[in-house]
Amino acid sequence: MQQKLRFVVFLASLSFLPFVFSAARRETSVGRWEPIKDKNETHVREVAEFAVSEYNKQSKTSLKLKSVVNGEMQVVSGTNYKLDVKTTDGTSADAKEYEAVVWEKATGNASSLSSFKPIQR
């Protein structure tokens, strides 16, 4: 009798799993690029600043971040951020846009610039 009750409770608990996992799946889809809802969020801005800073080190330039125009994120073994950033070089009034891709380790304590290329409009 007790074994039958355990089995019924087990089956009942299994029926709730689709509800739990479907909600989590809507929040973040692993491997899929998802739009960043708030491109002005502090962490998004920090990632964009990191991208511009790393690009400046690698290319010996002095770009300054003006704004984040658009962005997407992808959960992998960490998080990829694909950000369209508007920059200025300090000498010209014209702002230029770049697509920056930054990978951030899941623990958040390491990042690397994967690409930084001009956007042709």
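Here the structure is a predicted model, which is why all the values come from computation and not from measurement.

Trainee: What is the right way to look at the confidence of the model for the chain in this model?
Mentor: In low-pLDDT regions, the fine details of the predicted coordinates are not to be read closely. When the pLDDT values of the chain are averaged, the result is 84; 77% of them are 70 or greater. Across residues 16-26, confidence stays below pLDDT 50; counting only partners more than four residues off in sequence or on other chains, it has zero contacts.

Trainee: Teacher, can you tell me more about the nonpolar core here?
Mentor: Nonpolar side chains tend to gather and get buried jointly when the protein is soluble and globular. Leu-83, Val-85 and Phe-116 are the most contacted members of the largest nonpolar core, which has 18 residues in total. Listed by contribution, the elements that provide at least two residues to this core are α2 (42-59), β2 (64-76), β3 (78-88), β4 (96-104) and β5 (111-118). Residue contacts for Leu-83: discarding those within four places in its chain leaves Ile-36, Val-44, Val-47, Ala-48, Val-68, Asn-70, Gly-71, Tyr-98, Glu-99 and Ala-100.

Trainee: How do you make sense of the pairing of β4 when you look at a structure like this?
Mentor: The side chains of a regular strand alternate, first on one face of the sheet and then on the other. β4 sits mainly inside the fold: seven of its nine residues count as buried. Examined bridge by bridge, β4 and β5 share seven bridges and lie antiparallel to one another. If you follow Ala-100 over to β5, its bridge partner there is Phe-116. Connecting the antiparallel pair β4 and β5 is a turn made up of six residues, with Gly-108 showing a positive phi of about 80°.

Trainee: It is not clear to me how the environment of Asp-38 should be interpreted in this structure. Could you clarify?
Mentor: Of note, Asp-38 is situated in the loop between β1 (33-35) and α2. Of the residues examined, Asp-38 reaches a relative accessible area of 42% and is grouped as partly exposed. Sequence separation between Asp-38 and Val-68 is 30 residues, and the spatial gap between their C-alpha atoms is 10.0 Å. Among the polar contacts listed, one links the side chain of Asp-38 to the backbone nitrogen of Asn-40, at a separation of 3.0 Å.

Trainee: Teacher, can you tell me more about the environment of Glu-72 here?
Mentor: Within the secondary structure, Glu-72 is located in strand β2. The class of Glu-72 is partly exposed, set by a relative accessible area of 29%. Considered as a pair, Glu-72 and Lys-82 are 10 residues apart in the sequence and their alpha carbons are 5.2 Å apart. When residues no more than four places from it in sequence are discounted, the contact partners of Glu-72 are Trp-33, Glu-34, Pro-35, Ile-36, Asn-80, Tyr-81 and Lys-82.

Criteria and cut-off values
Residues numbered from 1 in each chain as written. Predicted model: local features only at pLDDT ≥ 70, side-chain atom pairs only at ≥ 80, totals over all residues. Heavy atoms only, no water. pLDDT = per-residue confidence, 0-100. Contact = heavy atoms within 4.5 Å. Core = buried A, V, L, I, M, F, W, Y, C linked by side-chain atoms within 4.5 Å. Buried < 20%, exposed > 50% of the residue type's maximum accessible area, 1.4 Å probe, protein only. Helix = DSSP H or I, 4+ residues; strand = E, 2+ residues; numbered from the N terminus. Pairing = 2+ DSSP bridges. Polar contact = N/O pair within 3.5 Å; in protein donor to acceptor, adjacent residues only side chain to side chain.

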